[in-house]
Amino acid sequence: MIIKTTAIALRLHPYSRTSRVVTWLTPDYGRIVTVIKGACRAKSAFLGQYDLAMRCELLFYRREHGGVHIARECSPLAYRPHLRTDWRGAVAAGYLCELVNRVSVPMLAAPEAFALLDQTLDALDSGAAPIPVILRFEFALLESLGLAPDFAPCADCTITSGNRPCRFLLPAGRLRCFHSRGHQPDGSSVAIDETGLAALRAWQQPETEELEHHPPTSATAETTTMVRRFLGMFLQCHLDMPMTARQAAFAWLEAQPETKHECDETQAG
Ligand SMILES: [Zn+2]
């Protein structure tokens, strides 16, 4: 059976000397893996027709067994050229594609995740700052998976005002008191003060549609770092996946743009 679908390239792998395996996210079939035969041949019809984070129209032969389908045709619908030249945007796009690759399921419709990734890659392509884009995306993805953290005040509290002894319990995904049933005194809970809670709520719910891929108006460098760390722990707890891709992406993005600096100095000298 031949299927035609819109698809975002999440992952590219060499398969043989001339072929490639591409993992895609599609709205109707979730994550699919296709082999592109002869992809690396000089005269391949696929040359330049797909790349990481591009949205394409894909025609593939569906195989019922084995899980790897055969790509027949592919043409780009959104090239996202900025992501080919701006390394910060490319690093962020690579991480988001990897994250979606890990949380999406083969042959299970994922229209919400597809739309979210598509819009977010567009925002990166139009030059939105990568770190806020990632944090907004992670909150929105958790929401779409039904895993959104709940920052409502702790329901077990007997103290109604002032400083509350609540901590955020990562497995429960909400605030709980020390004395709550099910509270574990190990590393699975995090202390968050009122400022931190306000920051988390602001990042989780954009005030306006325009801020969907941008920081909340109240964001500061300190609260943004706190939100980034919190999300890292939360994702690790709930998605059960290694965080190396995320750590690497943030390490790159938070590094100083040294190449440009060195260049300027050489010219000055
Ligand atoms: Zn409490």
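Report on the accompanying structure. The shown structure was predicted, so the numbers you read here are calculated from the model rather than taken from an experiment.

Rules used in this analysis
Residues numbered from 1 in each chain as written. Predicted model: local features only at pLDDT ≥ 70, side-chain atom pairs only at ≥ 80, totals over all residues. Heavy atoms only, no water. Helix = DSSP H or I, 4+ residues; strand = E, 2+ residues; numbered from the N terminus. Buried < 20%, exposed > 50% of the residue type's maximum accessible area, 1.4 Å probe, protein only. Polar contact = N/O pair within 3.5 Å; in protein donor to acceptor, adjacent residues only side chain to side chain. Phe/Tyr/Trp six-rings, centres within 6.5 Å; stacked < 30°, edge-to-face > 60°. Lys NZ or Arg CZ within 6 Å of the ring centre and 35° of its normal. Pairing = 2+ DSSP bridges. Axes fitted to C-alpha atoms, helices over the stretch in contact; angles between N-to-C directions. Contact = heavy atoms within 4.5 Å. Parallel < 35°, antiparallel > 145°, perpendicular 65-115°, else oblique. Left-handed = near helix turned anticlockwise from the far one by under 90°. Nonpolar A, V, L, I, M, F, W, Y, C, P; charged D, E, K, R; others polar.

Another aspect to go through is the side chain of Ser-189. Mapping Ser-189 onto the fold places it in strand E8 (residues 189–190). On the basis of relative accessible area, Ser-189 is assigned to the buried category, the value being 8%. Among the polar contacts listed, one links the side chain of Ser-189 to the side chain of Arg-167, at a separation of 2.8 Å.

Here the structure, examined in full by the defined rule, presents nine aromatic pairs. Note on Tyr-29 and Phe-60: the rings are 6.2 Å apart at their centroids and 90° apart in plane angle, and the pair reads as edge-to-face. Of this pair, Tyr-29 sits in the loop between strand E2 (20–26) and strand E3 (30–36) while Phe-60 is found in strand E4 (residues 55–61), placing the two residues 31 residues apart along the sequence. When its relative accessible area of 0% is taken as the criterion, Phe-60 is described as buried. Relative to Phe-151, the ring of Phe-139 lies with its centre 6.4 Å away and its plane at 80°, an arrangement referred to as edge-to-face. Placement of Phe-139 in helix H4 (residues 130–144) and of Phe-151 in the loop between H4 and strand E6 (166–169) is noted, with a sequence separation of twelve residues between them. Residue Phe-139 is classed as buried on the basis of its relative accessible area of 2%. By relative accessible area, which is 3% here, Phe-151 ends up buried. By the ring-pair criterion, three or more aromatic residues cluster together here, those being Phe-139, Phe-151, Phe-168, Phe-230 and Phe-234. Here the basic side chain of Arg-88 rests over the ring of Trp-87, its NZ or CZ set 5.6 Å away from the ring centre.

Strand order in the closed barrel formed by five strands is E1-E2-E3-E5-E4, with mixed pairing between adjacent strands. Sheet twist, expressed as the average angle between the axes of neighbouring strands with direction ignored, equals 50°. Where helix H3 (residues 111–125) meets the sheet, it contacts strand E1 (2–14), E2 and E4, and its direction lies at approximately 60° from that of E1.

Turning our eyes to something else, we now look at the sheet that holds strand E7 (residues 174–177). Strand order in the open sheet formed by three strands is E7-E6-E8, and the pairing between neighbours is antiparallel. Unpaired on one side and paired on the other, E7 and E8 mark the two borders of the sheet.

Attention now goes to the packing of H4 against helix H6 (residues 221–239). Close contact between H4 and H6 brings their axes to 11 Å; oriented N to C, the two are set at 40°. Taken together, the axes of H4 and H6 lie oblique to each other. For the element pair H4 and H6, the recorded crossing hand is left-handed. Two secondary-structure elements touch here, H4 through Ile-131, Leu-135, Glu-138, Phe-139 and Leu-142 and H6 through Thr-224, Val-227, Arg-228, Leu-231, Phe-234 and Leu-235. Class assignment for the residues of the contact of H4 with H6 results in eight nonpolar, one polar and two charged.

Let us now look at the environment of Arg-228. By the secondary structure assignment, Arg-228 is in helix H6. Judged by relative accessible area, which is 16%, Arg-228 ranks as buried. Sequence separation between Arg-228 and Phe-250 is 22 residues; the distance between their C-alpha atoms is 9.2 Å. When near neighbours in sequence (up to four residues on either side) are disregarded, Arg-228 contacts Leu-135, Arg-246, Phe-250 and Glu-254. In this structure the side chain of Arg-228 is engaged in a polar contact, spanning 2.8 Å, whose partner is the side chain of Glu-254.

On to the pairing of strand E5 (residues 68–78), then. Successive residues of a regular strand alternate their side chains across the two faces of the sheet. Pairing of E3 with E5 involves three bridges; the strand directions are parallel. When the bridges of E5 are listed, Val-33 appears paired with Val-68. When E4 meets E5, the two strands line up antiparallel, connected through seven bridges. Across the sheet, Glu-57 pairs through a bridge with Ser-75, a residue of E5.

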